[in-house]
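So you can see what is in the structure, the chains are spelled out below.
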Amino acid sequence: MRVQTEAGVAQVTLTRPEKLNALNAEMMVGLAELWPRLADDPDVRVVLLTGDGERAFSSGADLGSLAPLATGAVLPQTAVEYRWVTEHQAIVDGALLRGTGFTKPVVAAVKGLAVAAGFELMLASDIRIASDQAFFQLTEVKRGLIPSGGSMARLPRQIGWANAMEMILAAERIDAMRALSMGLVNRVVSSKDVLPVAQDMARRIAEGAPLALTKAKEAVVRGSGLDLDAAFAIEKTCQDVVMASEDAREGPLAFMERRAPRFTGK
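Please read all numbers here as calculations on a predicted model, not as lab measurements.

### A look at the overall build of the chain
- In terms of helices and strands, the chain carries 12 helices and 10 strands.
- Taken against the 2.2 N^0.38 rule, which gives 18 Å for 266 residues, the C-alpha radius of gyration of the chain at 19 Å falls within 12% of a compact globule.
- With respect to the principal axes defined by its C-alpha atoms, the chain has extents near 65 × 40 × 40 Å.
- The buried share of the chain, taken over its 266 residues, is 47%.
- Across the chain, every contact between residues at least 6 apart in sequence was considered, and the portion connecting residues at least 24 apart equals 68%.
- Here the chain displays about 13300 Å² of accessible surface, and carbon together with sulfur accounts for 55% of that area.

Written out as structure tokens, the structure reads:
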């Protein structure tokens, strides 16, 4: 996995192209450790998540290595594998952002396939730029499993009941244009344009005030699925924090003075 930070954007690249960026123990543990670091890094306002190569964002969990460890068919040989076995659920939850605690915006750049846990990792993003050759699939029920890395909670909220159940129960393969029509992705572009378009989106988001970005996302994520009064209460709490910040004074002042704002996240 490769992480590069520039101008407020941390670009995280899954780097197992020879395995279609399948998530092995090292990558799962690495992601679980990475997200808290990015959350606490004041130089990071936005995360751009992508996969190395043209063939895949991620083909999901590397069952060839993870399943034998999970079932006890083989014993862990490294410290990372031992952590995967002993902290399995916590690592899955952390790696796939199964929770509402990560409030920095995440942009996904998707080339090729996004399948199973790779698809679930993409679902944790906020904005998605996909190649016209990309496709999306939850294959778990065909393997005797269920997509429990976030899909069953997130997908119906993101694309509606019927579309979500088709993907979950029929393991239906969805191409890029149908994903666009569902609202699963924001843009469909040529493969060569995926990363530049996603980088441009991430840079534009990073121009926003850090606290405003995180509190806006927090209000949306925490309020999703609640009744309106409860969602409005969360919105009000987030607004109160933002309005008390230095950035809330700096933004209008910079606008009046016709200059770029100097946001600090405070």
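### Focus: the side chain of K111
- The topology assignment puts K111 in the loop between strand 5 (106-110) and strand 6 (113-115).
- With a relative accessible area of 14%, K111 lands in the buried category.
- Here E54 takes part through its side chain, which lies 3.0 Å from a polar atom of the side chain of K111.

### A short note on the packing of aromatic side chains
- For the coordinates displayed, the defined rule picks out 2 aromatic pairs.
- Arranged with centres 5.1 Å apart and planes meeting at 70°, the rings of W35 and F102 form a pair that is edge-to-face. Remark: F102 occurs in the loop between helix 4 (88-95) and strand 5 and W35 occurs in helix 1 (residues 25-40); sequence separation between them is 67 residues.
- Note on W35: relative accessible area 2%, which makes it buried.
- When the centroid spacing of 6.3 Å and the interplanar angle of 65° are considered together, the rings of F119 and F136 count as edge-to-face. With a gap of 17 residues between them, F119 in helix 5 (residues 117-123) and F136 in strand 8 (residues 135-137) connect regions that are remote in the sequence.
- With relative accessibility at 0%, the residue F119 sits in the buried group.

### Observations regarding the sheet that holds strand 10 (residues 187-189)
- Strand order in the open sheet made by the 6 strands is 1-2-3-5-7-10, with mixed pairing throughout. Both edges of this open sheet fall to strand 1 (2-6) and strand 10, since each of them pairs with a single strand only. Pairs of neighbouring strands in the sheet enclose a mean axial angle of 20°, with direction left out of account.
- Judged from the 4 bridges that link them, strand 5 and strand 7 (residues 127-131) form a sheet pairing that is parallel. If you follow A108 over to strand 7, its bridge partner there is R128.

Cut-off values and rules
Residues numbered from 1 in each chain as written. Predicted model: local features only at pLDDT ≥ 70, side-chain atom pairs only at ≥ 80, totals over all residues. Heavy atoms only, no water. Helix = DSSP H or I, 4+ residues; strand = E, 2+ residues; numbered from the N terminus. Rg over C-alpha atoms; globule rule 2.2 N^0.38 Å. Buried < 20%, exposed > 50% of the residue type's maximum accessible area, 1.4 Å probe, protein only. Contact = heavy atoms within 4.5 Å. Areas by Shrake-Rupley, 256 points an atom, 1.4 Å probe, with all protein chains shown as cover. Polar contact = N/O pair within 3.5 Å; in protein donor to acceptor, adjacent residues only side chain to side chain. Phe/Tyr/Trp six-rings, centres within 6.5 Å; stacked < 30°, edge-to-face > 60°. Pairing = 2+ DSSP bridges. Axes fitted to C-alpha atoms, helices over the stretch in contact; angles between N-to-C directions.

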